[in-house]
Number of protein chains: 2
Amino acid sequence: MGLTDDPVRAAADATAARRLPGKVTLVGAGPGAADLLTLRAARALQQAEVVLYDHLVSRDVLDLVPADAELVYVGKASGSHSLPQAQIIELMLQRARSGRPLVRLKGGDPYVFGRGGEEAQALARAGVPFEVVPGVSAAQGAAACAGIPLTHRDHAGAVVFATGHLREDGRGGSDVELDWGALARPHQTAVIYMGLATLPRTCEQLVAHGMSPDTPAAVVERATCADQRTITGTLRTLPQQVKSQGVRSPALVMVGTVVSLHGELAPPAAATRCGHGPEAG
Amino acid sequence: MGLTDDPVRAAADATAARRLPGKVTLVGAGPGAADLLTLRAARALQQAEVVLYDHLVSRDVLDLVPADAELVYVGKASGSHSLPQAQIIELMLQRARSGRPLVRLKGGDPYVFGRGGEEAQALARAGVPFEVVPGVSAAQGAAACAGIPLTHRDHAGAVVFATGHLREDGRGGSDVELDWGALARPHQTAVIYMGLATLPRTCEQLVAHGMSPDTPAAVVERATCADQRTITGTLRTLPQQVKSQGVRSPALVMVGTVVSLHGELAPPAAATRCGHGPEAG
């Protein structure tokens, strides 16, 4: 892409490309299913010559990238960083200077966790032109496909997204530092990204901060993918259920009475999409 | 759509359609710009024969609907409901019984405000098959296009979405009932949907609940549209700025130190998209 049928124009473009850094597009890959990309994101991928992508980007999404584009994996699974963030940024800036259209592809939405803001700042400071393409975040994909609305007049007037990522505690161990008081409010839905490893501590802290142990809670594994699983229970029961059912990352934790709607609104087990009822699928 | 080239098959399909309710797809229209629809949402619109749409759905999105489809406006502007919610649901169920593929098109994401959960429950209870297609919510569109990340390691480890919609106060007036304590937390971003009318009260209450009056805050008008405007200030200054600049709905309120990144990350004024730098656009 970026080349024209006119060889003189193409040569001029190539010269310009050597002088100017290529544009970087920070693209939200959405929650997993490839058709939950935005139209704008799909077009950016189809025009990319270099794609730096994360752990949480699905194979189906990567299939949209042209076969001759350079695909660079810079992902990090929770707890095992493939590349430190500073190196990801350095690599992105270096590749951008090649002048080729570069997509930095991030799971979900670039500005909801995942350090898109830091990467955008690095681009701005380096004078590299960039664009941000928002995406459907994992919480929204899980909500639609598990039948758990994030807000509902009878249940939750607000929704809060937090991350359960472990942080070093400075004593050789790690812990999750969340504003438990903010998450343990009534009439709201709390969604904790990457919250699987810290689920027992999360449930314990939410109860310690005043929530009933019978508050409905769910874990949604591989939201929007064909093999999505939803485990529902309560703050008291969920950690054991998740352990006994062998739930694995990526998974989201959802807490609040909206989870009680799952039985009514979830698609039947056979559906591979977010549909519900005899003709869904 | 739904018809085939085989007249016998088409007649059989038509008979089946009279017996069974048509499938309803609750589709998130995204934040405004038509290319911020998901691929799945665009396909549902292209296959729709009936579309019930809201106030916040942009003209560009509606242009994707086939010319011969029935377009029904059921929108409600803040404070002036075109149709009460019960009538919207009744109309949706009645049209679904016609057997034609129906899209219920909602601004943003169907399960983030906008009563998508209530509509899904009505469909489930009536035995109408349905599917939910998530969408990019207005907060995410505003974040990308105004250069205000919703989370950022140095600023906000969580983001909360609430709605500033006015409710009757039972004394002939109206007020906004929000969990101010939950919104006034440090190290988080608060986004208030439909928060323009109640902005002065919001700013006053956040300060009363412990936030500094110098906390950065922004209003984003018509997020992701070509005429998007972003007004940044503080909890102290924003209500007057918004008034003097004549900001109108739809608009989102964003509160938190991430707003301070707008100067660095916002696209230049000339850009009509979410781009940044000399080649953006």
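Just so we're clear, the structure is a prediction, and the values are computed from it rather than from any experiment.

Asks: What is the right way to read the interface of chain B and chain A from this model?
Replies: For interface size, the figure often reported is the accessible area lost on association. Of the residues lining the interface, 67 residues belong to chain B; the matching set on chain A comes to 68 residues. Across the chain B/chain A interface, buried area totals approximately 5,700 Å², and carbon plus sulfur atoms make up 55% of it. At the junction of chain B with chain A, the criterion picks out ten salt bridges. Linking D35 of chain A and R40 of chain B is a salt bridge whose minimum nitrogen-to-oxygen distance equals 2.8 Å.

Asks: Can you walk me through the relation of the copies chain B and chain A in this structure?
Replies: What relates the pair of chain copies is a rotation about an axis plus a shift along that axis. When chain B is brought onto chain A, the operation consists of a screw motion whose angular component is 180° and whose axial shift is 0.0 Å, with 0.0 Å RMSD remaining. The superposition operator between the copies reduces to a two-fold rotation axis. Counting the interface residues of chain B, we find that 100% of their copies in chain A are interface residues as well, pointing to one common contact surface.

Asks: What should I look at first to understand the side chain of D54 of chain B in this one?
Replies: Residue and element names in this part refer to chain B. The residue D54 is located in the loop between strand 2 (50–53) and helix 3 (59–62) in this model. According to the relative accessible area criterion, D54 is buried, its value standing at 10%. A distance of 3.0 Å separates the side chain of D54 from the side chain of R104, its partner in a polar contact. Residues in contact with D54, not counting those within four places in the same chain, are Y73, V74, G75, R104, L105, K106 and G107.

Asks: When you look at helix 4 (residues 85–96) of chain A in this model, what are you seeing that I'm missing?
Replies: Turn by turn, an α-helix covers 3.6 residues, leaving residues three or four places apart pointing in a common direction. Given a rise of 1.5 Å per residue, twelve residues ought to cover 16 Å, and the 16 Å separating the end C-alpha atoms of helix 4 of chain A matches this to within 8%. Within the sequence span of helix 4 of chain A, burial applies to Q85, I88, I89, L91, M92, L93, R95 and A96 of chain A.

Asks: I tried to follow the pairing of strand 11 (residues 188–193) of chain B on my own but got confused; where do I start?
Replies: Residue and element names in this part refer to chain B. The buried count for strand 11 comes to six of six residues, which makes it a mostly enclosed element. Where burial is concerned, the two faces of strand 11 agree: the one with Q188, A190 and I192 and the one with T189, V191 and Y193 are both buried. Sheet analysis places strand 8 (residues 158–163) next to strand 11, joined by six bridges and oriented parallel. Bridging across to strand 11, V159 finds its partner in T189. Of the strand pairs in this sheet, strand 11 and strand 14 (residues 251–255) are connected by three bridges, and their pairing is antiparallel. If you follow I192 over to strand 14, its bridge partner there is V253.

Asks: Sorry if this is basic, but what is going on with the packing of aromatic side chains here?
Replies: Note on aromatic pairs: each is described by the distance of the centres and the angle between the planes. Here the structure, examined in full by the defined rule, presents seven aromatic pairs over all chains. Through successive ring pairs, a cluster of aromatic residues spans F113, F161 and Y193 of chain A together with F113, F161 and Y193 of chain B.

Asks: Please clarify how unusual backbone geometry should be interpreted in this entry.
Replies: Across residues other than glycine, the phi torsion is negative in most instances, and most of the peptide bonds are trans. In this chain, S249 of chain A is followed by P250 of chain A through a cis amide linkage whose omega measures -5°. Among the structural elements, P250 of chain A can be located in the loop between helix 9 (238–244) and strand 14 (251–255). The backbone phi angle of H187 of chain B is positive, close to 55°, even though this residue is not glycine. You can see H187 of chain B is positioned in the loop between helix 7 (180–183) and strand 11. Here R222 of chain B, not a glycine, exhibits a phi torsion of approximately 50°, which is positive. Position of R222 of chain B among the secondary structure elements: in the loop between strand 12 (216–221) and strand 13 (229–234).

Asks: Any chance you could explain the packing of helix 4 of chain A against helix 5 (residues 116–126) of chain A here in plain terms?
Replies: A pair of packed helices is captured by two measures, namely the crossing angle of their axes and the spacing between those axes. Residues and elements named next belong to chain A. Running from N to C, helix 4 and helix 5 point in directions that differ by 45°, and their axes come no closer than 10 Å. As the angle between them shows, helix 4 and helix 5 are arranged oblique. The chirality of how helix 4 crosses helix 5 is right-handed. Seen from helix 4, the contacting residues are Q85, I88, I89, M92 and L93; seen from helix 5, they are E118, E119, A122, L123 and A126. Looking at the contact of helix 4 with helix 5 residue by residue, the class counts come to seven nonpolar, one polar and two charged.

Asks: Would you mind going over the nonpolar core with me for this structure?
Replies: Across soluble globular proteins, you tend to see nonpolar side chains buried next to one another. Counting residues in hydrophobic clusters, the biggest one holds 89 residues, and the most contacted among them are L150, F161, V191 and M254 of chain A together with F130, L150 and F161 of chain B. The next biggest cluster of nonpolar side chains, apart from the first, holds 50 residues, and it includes A190 of chain A together with L196, L199 and L238 of chain B.

The rules behind each value
Residues numbered from 1 in each chain as written. Chains lettered and ligands numbered in written order. Predicted model: local features only at pLDDT ≥ 70, side-chain atom pairs only at ≥ 80, totals over all residues. Heavy atoms only, no water. Contact = heavy atoms within 4.5 Å. Buried area = accessible area lost by both parts, 1.4 Å probe. Salt bridge = Lys/Arg side-chain N within 4 Å of Asp/Glu carboxyl O. Least-squares fit on C-alpha atoms with pLDDT ≥ 70 in both. Helix = DSSP H or I, 4+ residues; strand = E, 2+ residues; numbered from the N terminus. Buried < 20%, exposed > 50% of the residue type's maximum accessible area, 1.4 Å probe, protein only. Polar contact = N/O pair within 3.5 Å; in protein donor to acceptor, adjacent residues only side chain to side chain. Expected span 1.5 Å × (residues − 1). Pairing = 2+ DSSP bridges. Phe/Tyr/Trp six-rings, centres within 6.5 Å; stacked < 30°, edge-to-face > 60°. Axes fitted to C-alpha atoms, helices over the stretch in contact; angles between N-to-C directions. Parallel < 35°, antiparallel > 145°, perpendicular 65-115°, else oblique. Left-handed = near helix turned anticlockwise from the far one by under 90°. Nonpolar A, V, L, I, M, F, W, Y, C, P; charged D, E, K, R; others polar. Core = buried A, V, L, I, M, F, W, Y, C linked by side-chain atoms within 4.5 Å.

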